[in-house]
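# Observations on the three-dimensional arrangement
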Amino acid sequence: MLSDFDILEELDNILANEESDDEFLDDLCFDDDDSAALASPPLSCRNREEQIQSYDDNIEQGLPGTSETYLDVPVAQHITGCGVQKQEFGLSDDSLISDFFEAFMSEFILGKVAFETNRYAEQYLKKEDIAPKSRMKYWKPTNIGELYVFLATSMLMARNKKLEINEYWSTDPLLMSPIFSKILSRDRYLLILRMLHFCNNENQKSGDRLFKLDVVLDEIRANFKAGMVPFQNLVIDESLVLWKGRLSFKQFIKSKRHRFGVKLFVLCDVETDFILDIIIYTGAETRLLQCDKNIGISGAVVMTLMAPHLKKGHNLYTDNWYTSPILCQHLYKKKTTLTGTVRKNRRGMPDLKKKLKLGEVQSSHTQRMMALKWLDRREVYMLSSLYDSSSASTNKIDRASGKVVKKPTCIVNYNACMGNIDKCDMLLSSVECVRKTMKWYKKIFFHLVDLYLLNSFSAYKTVSGKNIPIANFQLELIRQLLDKYGKYNNSPNRGRASTKDEPTRLTARHFPTDVPKNEVGKANRRKCIVCSKNNKRKDTLYMCDLCDVGLCVTPCFGIYHTKTNYKATQLLY
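First, a word on scope: everything that follows refers to the structure included in this document. (Residues numbered from 1 in each chain as written. Predicted model: local features only at pLDDT ≥ 70, side-chain atom pairs only at ≥ 80, totals over all residues. Heavy atoms only, no water.)

## Details of the packing of aromatic side chains
Each aromatic ring pair is characterised by the separation of its centres together with the angle its planes make. Cut-off, in case you're wondering: Put simply, two rings from Phe, Tyr or Trp (the six-membered ring, in Trp's case) pair if the centres are within 6.5 Å, and we call them stacked under 30 degrees between planes, edge-to-face over 60, tilted for the rest. Numbering of helices and strands starts at the N terminus; helices are DSSP runs of H or I of at least 4 residues and strands are runs of E of at least 2. Counted as over-ring charges are cases with an Arg CZ or a Lys NZ within 6 Å of the ring centre that also lie within 35 degrees of the ring normal.
In the structure shown here, the tally under the stated rule is 23 aromatic pairs. Relative to Phe446, the ring of Phe150 lies with its centre 6.2 Å away and its plane at 40 degrees, an arrangement referred to as tilted. Here the residue Phe150 occupies a position in helix α8 (residues 144-159), and Phe446 occupies one in helix α15 (residues 440-464), the gap between them amounting to 296 residues. Ring geometry for Phe224 versus Tyr452: centroids 5.3 Å apart, planes at 65 degrees, classification edge-to-face. Of this pair, Phe224 sits in helix α11 (residues 214-227) while Tyr452 is found in helix α15, placing the two residues 228 residues apart along the sequence. For the cation-ring pair, Lys263 lies above Tyr281, with the distance from its terminal atom to the ring centre recorded as 4.8 Å. The lysine or arginine in question, Lys263, covers the ring of Trp321, its NZ or CZ lying 5.1 Å from the ring centre.

Laid out in structure tokens, this is it:
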């Protein structure tokens, strides 16, 4: 029977000779009597027990960890041109905040959205029987400028939290926000929100779960990829968009804040927090590259997201859902290192069964991988093709011993890098424009708008060198979009135009008169202005000719001409 060392030497030889993955996997399938351990290569004659040393002893002796073996890390190529692609998007240090947002949420994308929205509205009006008083009768085709105003309004709603959309246009003094009615009328906003569409329903493909978003999703992902040449460190993690409605690919993730929703896999650049690519999880129909089935769905997600960035010397960080020895070897062949937490029962993982004390480390190596177990508050398992088992300072002082707290280097760097995905979710939690909706694809679209905001913010900080809060960035973006596109307000003109109070209504002589009759001599009616301001609907045959407003003879005529504030319910009756 082969020893651990012999088995792992065979694995390294297979990798060096670039043999098939099937042969590599055969060597990972150990017999029941064999130890499925990744042991240190035969560079050291010490037995396994001698290689497992106390963490505290390592600190005192200044050793690099529990093993003197260092990994054969792939030679990283020099990554040139890292950062935001300013020339491709026409950006510079003097560009406005809105320029950064429009560089990613381009007129080309919104042009497609406007086209599909107008087509859907046209189809809807032909097929549906519209009620006489439906706001759909006032639909007008939208355009790119109005959609920018619509998005700015949606983002502004995130800064003014209310329970219902209608409350943003409420005239109740406790809820009033006059800015919304100046930007876009309530009915127009609700019309656009209702008709917002991203595909031609007549071309629906059976089984294509993302058909509703295809038009914009491909463009959005392309813009993300083209907008940034990433730096060396990358991270992959999942994000969850809240959704509790009926949806075949809805997920439940206990550890996430929302728990229920649509899961997205996100690739992020560590240095700039820029989102490089996303994949929407749709179950068995998730759009992934064809990969070796032995790396599983999680490995296929990694290989799909990393496809444009392989063979460039990147360092990738993942959590235990993705990390495995097989995936680590696959990435190593592509000159990409992998570091991440790992499940101890992953295929190919060594049996690190030694009972450790607090702070102790146990590790096993091949020439290209290191598996490590470290005891903190609980056992932590790590796998890396970049780091050995050496320790690093955390710049924290232990209260009990007064000594500097040290952790394995791979864990210190993993914590520093993996925090970026959580940081993105944290930034968006306070400014996201996602609202409750009956259509899941609309909610995903608004989440993509939030991701555009986040990437615009990252690009702005990188290019301009200014570090401002994302809330201030968003507010200034809204202001600039409204200044630039506010003229595209396409709100329908419904009802009589509002009139300001007649300056002499409290001083001049006023008399009630009949409302003029119509062309056929039939009496007309007008709404009483006092009743209307007090949320009462009442039509009247009388008016004040001088003020040009409808008024009930009693008591509204007297209230209107004697009270400065006639919007008080108790004055009516």
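## Structural notes on the sheet that holds strand β14 (residues 512-514)
Heads up, the rule is: The pairing criterion is simple: DSSP has to find at least two bridges between the two strands.
Taking strand neighbours across the sheet as the criterion, the three strands line up as β14-β17-β18 in an open arrangement whose pairing is antiparallel. Looking along the sheet, the strands with just one partner apiece sit at the ends: β14 and β18 (549-550). The sheet contact formed by strand β17 (residues 542-544) and β18 spans two bridges and is antiparallel. Each bridged residue has a counterpart across the sheet, and for Cys544 the counterpart in β18 is Val549.

## A word on the pattern of salt bridges
Applied cut-off: Salt bridge, as applied in this entry: a Lys or Arg side-chain nitrogen positioned within 4 Å of an Asp or Glu carboxyl oxygen. The rule is simple: take the accessible area with a 1.4 Å probe, protein chains only, and divide by the maximum for that residue type; under 20% is buried, over 50% is exposed, in between is partly exposed.
Counted by the stated rule, this structure contains 15 salt bridges. Among the salt bridges present, the one from Glu116 reaches Arg119, with a minimum N-O distance of 2.6 Å. Of the two residues, Glu116 and Arg119 both sit in helix α7 (residues 107-127), three residues apart, roughly one turn of that helix. Residue Glu116 is classed as buried on the basis of its relative accessible area, which comes to 8%. Between Asp277 and Lys225 there is a salt bridge, with its nearest N and O atoms 3.7 Å apart.

## Some thoughts on α7
Definition in use: What a helix is expected to span follows from its residue count: subtract one and scale by 1.5 Å. The contact criterion used is simple: two residues touch if any of their non-hydrogen atoms lie within 4.5 Å.
Helix length check: α7 (21 residues) gives 30 Å between terminal C-alpha atoms against 30 Å at 1.5 Å per residue, within 8%. Along α7, the residues that are buried comprise Ile109, Leu110, Val113, Ala114, Glu116, Thr117, Asn118, Tyr120, Ala121, Gln123 and Tyr124. Summarising the contacts, the buried residues of α7 are in contact with α6 (97-104), α8, α10 (186-195), α11 and α15.

## Some details on the nonpolar core
Operational definition: Here, nonpolar core means buried Ala, Val, Leu, Ile, Met, Phe, Trp, Tyr and Cys residues that are tied together by side-chain atoms lying within 4.5 Å of each other.
Phe101, Tyr189, Leu213, Trp440 and Phe445 are the most contacted members of the largest nonpolar core, which has 113 residues in total. If sequence neighbours within four positions are ignored, Tyr189 has contacts with Phe150, Thr153, Ser154, Met157, Ile165, Trp169 and Leu184. With 16 residues, the next largest nonpolar core counts Val235, Val270, Leu372 and Cys417 among its residues.

## Side note on the pairing of strand β10 (residues 370-375)
Here β10 lies mainly inside the structure; six of its six residues are buried. Both faces of β10 are covered, namely the face carrying Met370, Leu372 and Trp374 and the face carrying Ala371, Lys373 and Leu375. Bridge analysis of strand β9 (residues 361-365) against β10 gives five bridges, and the strand direction is antiparallel. Residue pairing for β10: His365 is matched across the bridge by Met370. In this structure, the hairpin formed by β9 and β10 is closed by a connection of four residues. Bridging between β10 and strand β11 (residues 379-384) involves six bridges; their strand directions are antiparallel. The residue of β11 that forms the bridge with Trp374 is Val380.

## Overview of the side chain of His314
This is how the line gets drawn: Definition of a polar contact: a pair of N or O atoms within 3.5 Å, with one able to donate and the other able to accept a hydrogen when the atoms are protein atoms, and with sequence-neighbouring residues admitted only if both atoms are side-chain atoms.
Inspection of the secondary structure assignment puts His314 in the loop between α12 (296-306) and β7 (315-318). In terms of polar contacts, His314 uses its side chain to reach the backbone carbonyl oxygen of Phe231, at 3.0 Å. Residue contacts for His314: discarding those within four places in its chain leaves Ile79, Pro230, Phe231, Gln232, Leu234, Met306, His309, Lys335, Thr336 and Thr337.

## What about the environment of Leu91?
In this structure, Leu91 sits in the loop between α5 (86-89) and α6. Overall, the relative accessible area of 7% leaves Leu91 in the buried class. Residues Leu91 and Ser464 lie 373 residues apart in sequence; the distance between their C-alpha atoms is 9.9 Å.

## A few points about the environment of Lys312
Here Lys312 shows up in the loop between α12 and β7. Distance in space between the C-alpha atoms of Lys312 and Ile79 is 6.6 Å, their sequence separation being 233 residues. At a separation of 3.1 Å, a polar atom in the side chain of Lys312 contacts the main-chain carbonyl oxygen of Pro308.

## Let's talk about unusual backbone geometry
A cis amide bond, omega -5 degrees, links Thr554 with the succeeding residue Pro555. Relative to the helices and strands, Pro555 resides in the loop between β18 and α18 (556-562). In this structure, Asp273 is a non-glycine residue whose phi angle is positive, near 65 degrees. Given a relative accessible area of 6%, Asp273 falls into the buried group. Despite not being glycine, Lys335 shows a phi value in the positive range, around 55 degrees.

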